[in-house]
Number of protein chains: 2
Amino acid sequence: MVSRVESAAATRRALVDAAAELLDEGGPDAVTLRAVGGRAGVSRGAPYGHFPDKEHLLAAVATKSWEAVGEQLDALITDRGQAPSERLEQALTGLMEVGRRHPHAYALMFAAPTAEHPEAVAAVSRTHDQFLTIIADVIGDPQRARPIGGLLMSSVHGIVAMENGGHLTPEKWQTTGDELVKLLIDRIA
Amino acid sequence: MVSRVESAAATRRALVDAAAELLDEGGPDAVTLRAVGGRAGVSRGAPYGHFPDKEHLLAAVATKSWEAVGEQLDALITDRGQAPSERLEQALTGLMEVGRRHPHAYALMFAAPTAEHPEAVAAVSRTHDQFLTIIADVIGDPQRARPIGGLLMSSVHGIVAMENGGHLTPEKWQTTGDELVKLLIDRIA
DNA sequence: TCATTCACATGACAACGTCACACGAAGAGC
DNA sequence: GCTCTTCGTGTGACGTTGTCATGTGAATGA
């Protein structure tokens with residue numbers, strides 16, 4: 001039933017899942033290869049049969065996170081039952097929600113993916129394209145949609161990063177991340 | 001001439017400077033306590049006479065970086081020779097320039113400062129207040145200036161973070177960070 | 001001059017990423 | 001059914017890291 005390559009693929013998946021879980025639960029310091037192997041039910045050296053080094057394992061976690069966001073956006077794009085502006089707001093708040101629920105994985109997603117991880121770069125590019133699709137529906141002119149999309153994406157990311165870093169305190173700025181996203185869409189899109 | 005406490009303070013400064021330099025030159029991985037001590041002319045254990053652990057040393061680096069930005073803003077605020085809107089643009093592009101010139105230190109500045117580092121929190125708060133001062137001069141209503149300031153700060157930070165992470169490629173978004181900052185100020189401030 | 005203080009050097013330890021090597025079961029060929 | 005090969009995995013080992021305990025020596029105050 002379970003061929004050798006299938007079980008190998010399952011182990012690889014288990015390693016990525018274990019790393020993502022440990023990252024969520026204890027932050028980057030908790031993601032040791034020994035802990036990852038342990039949670040995945042293998043030894044500390046097993047990951048090296050699937051990844052050249054720890055960095056590539058983390059890149060796989062980032063790739064998986066981007067793909068999860070991509071699936072959210074896919075569902076949003078497929079559902080034609082709502083206005084384009086609504087879709088845009090949901091896309092942006094959806095990304096924000098990911099950043100809030102999984103702050104460490106989110107930080108990993110936006111860390112610099114070196115050229116050594118082409119699958120991570122591809123996943124990011126695909127998801128960005130989906131964002132652009134949603135934004136173009138609101139803006140109309142697809143040429144003008146790209147810079148606007150870049151600004152929206154960057155700004156929302158900045159809001160999430162400021163939130164997660166504790167730099168967006170309501171006392172200091174008299175506002176919240178949710179309000180800022182609304183304000184942003186209002187002024188930009 | 002050089003009393004004992006003076007030399008101790010000098011060593012502390014040398015440690016922070018060495019850590020900042022190593023961070024600039026080789027990224028976070030290059031900042032080992034052994035390398036920091038070596039560059040500062042002391043041994044690997046010497047930092048523990050000045051900081052409880054490595055995290056506190058890095059917090060001191062972040063604090064110094066924030067204070068450097070604060071000095072920039074001070075000069076900007078003191079100089080009454082230019083329009084408020086010009087000052088705002090210079091403040092935001094100044095922060096962006098710091099992020100470009102010292103990407104790793106910049107990332108450290110916006111990392112979550114735990115409550116264990118009150119001096120870092122204070123430095124951030126002071127600099128944010130200076131931003132608010134500059135923004136209030138443009139907005140007029142100081143009450144309305146705070147959320148606007150939060151959005152500007154977050155957005156610019158997002159732009160810098162996207163740039164440094166390689167996520168703001170001109171091919172994808174048909175724009176640059178500089179253009180986005182201009183567009184941002186145009187639409188928001 | 002002597003006792004004290006305090007910054008610093010040094011040895012040691014556990015944990016980490018990584019590599020080399022050994023093992024053992026699944027699959028291919030006869 | 002048997003044998004050989006392949007390949008995912010387990011294990012021991014090594015260098016490096018952050019950290020602590022201990023020792024040392026020079027500056028300080030009486």
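Predicted model, so just to flag it, every value in this text is computed and none were measured.

K.L.:
I'm lost on unusual backbone geometry in this one. Help?
P.N.:
Excluding glycine, most residues fall at negative phi; most peptide bonds, likewise, are trans. Residue and element names in this part refer to chain A. Despite not being glycine, Gln 174 has its phi angle at roughly 55°, a positive value. The residue Gln 174 is located in the loop between α8 (170-173) and α9 (177-188) in this model. The class of Gln 174 is partly exposed, set by a relative accessible area of 42%.

K.L.:
Please clarify how the environment of Leu 92 of chain B should be interpreted in this entry.
P.N.:
Residues and elements named next belong to chain B. With respect to the secondary-structure elements, Leu 92 resides in helix α4 (residues 84-101). A C-alpha to C-alpha distance of 31 Å links Leu 92 and Val 36, two positions 56 residues apart in sequence. Apart from residues no more than four positions distant in its own chain, Leu 92 is found in contact with Phe 131, Leu 152, Val 156, Val 181 and Ile 185.

K.L.:
What am I meant to see in the protein's contact with DNA strand C here?
P.N.:
As a matter of local geometry, DNA strand C sits amid 20 residues, with Lys 54 of chain A together with Thr 11, Ser 43, Arg 44 and His 50 of chain B nearest to it. The protein-proximal atoms of DNA strand C, defined as those within 4 Å of the protein, are 54% sugar or phosphate. One nitrogen or oxygen atom from the side chain of Arg 34 of chain A is found 2.8 Å from a base nitrogen belonging to DNA strand C. Ser 43 of chain B has a polar backbone atom sitting 2.5 Å from a phosphate oxygen of DNA strand C. Elements that contribute at least two residues to the surface near DNA strand C include exactly α2 (33-40) of chain A together with α1 (4-26) of chain B. Examining the composition of the surface near DNA strand C, we find that three residues originate from one element, α1 of chain B, more than from any other. For the surface near DNA strand C, the per-class residue count stands at six nonpolar, six polar and eight charged.

K.L.:
Honestly, the packing of aromatic side chains in this entry has me stumped. Any pointers?
P.N.:
Two measures describe an aromatic ring pair: the distance that separates the ring centres and the angle between the ring planes. Applying the stated criterion to the full structure yields four aromatic pairs over all chains. An angle of 40° between the planes, with centres 4.8 Å apart, marks the rings of Tyr 106 of chain B and Phe 110 of chain B as tilted. Pair noted here: Tyr 106 of chain B and Phe 110 of chain B are both in helix α5 (residues 103-110), with a separation of four residues, about one helical turn. Accessibility assignment for this pair places Tyr 106 of chain B and Phe 110 of chain B in one class, buried. Here the aromatic cluster, defined as three or more aromatic residues joined through ring pairs, consists of Trp 66, Tyr 106 and Phe 110 of chain A.

The rules behind the values
Residues numbered from 1 in each chain as written. Chains lettered and ligands numbered in written order. Predicted model: local features only at pLDDT ≥ 70, side-chain atom pairs only at ≥ 80, totals over all residues. Heavy atoms only, no water. Helix = DSSP H or I, 4+ residues; strand = E, 2+ residues; numbered from the N terminus. Buried < 20%, exposed > 50% of the residue type's maximum accessible area, 1.4 Å probe, protein only. Contact = heavy atoms within 4.5 Å. Near = heavy atom within 4 Å. Polar contact = N/O pair within 3.5 Å; in protein donor to acceptor, adjacent residues only side chain to side chain. Nonpolar A, V, L, I, M, F, W, Y, C, P; charged D, E, K, R; others polar. Phe/Tyr/Trp six-rings, centres within 6.5 Å; stacked < 30°, edge-to-face > 60°.

Note that all results are geometric; they support no functional claim without further evidence.
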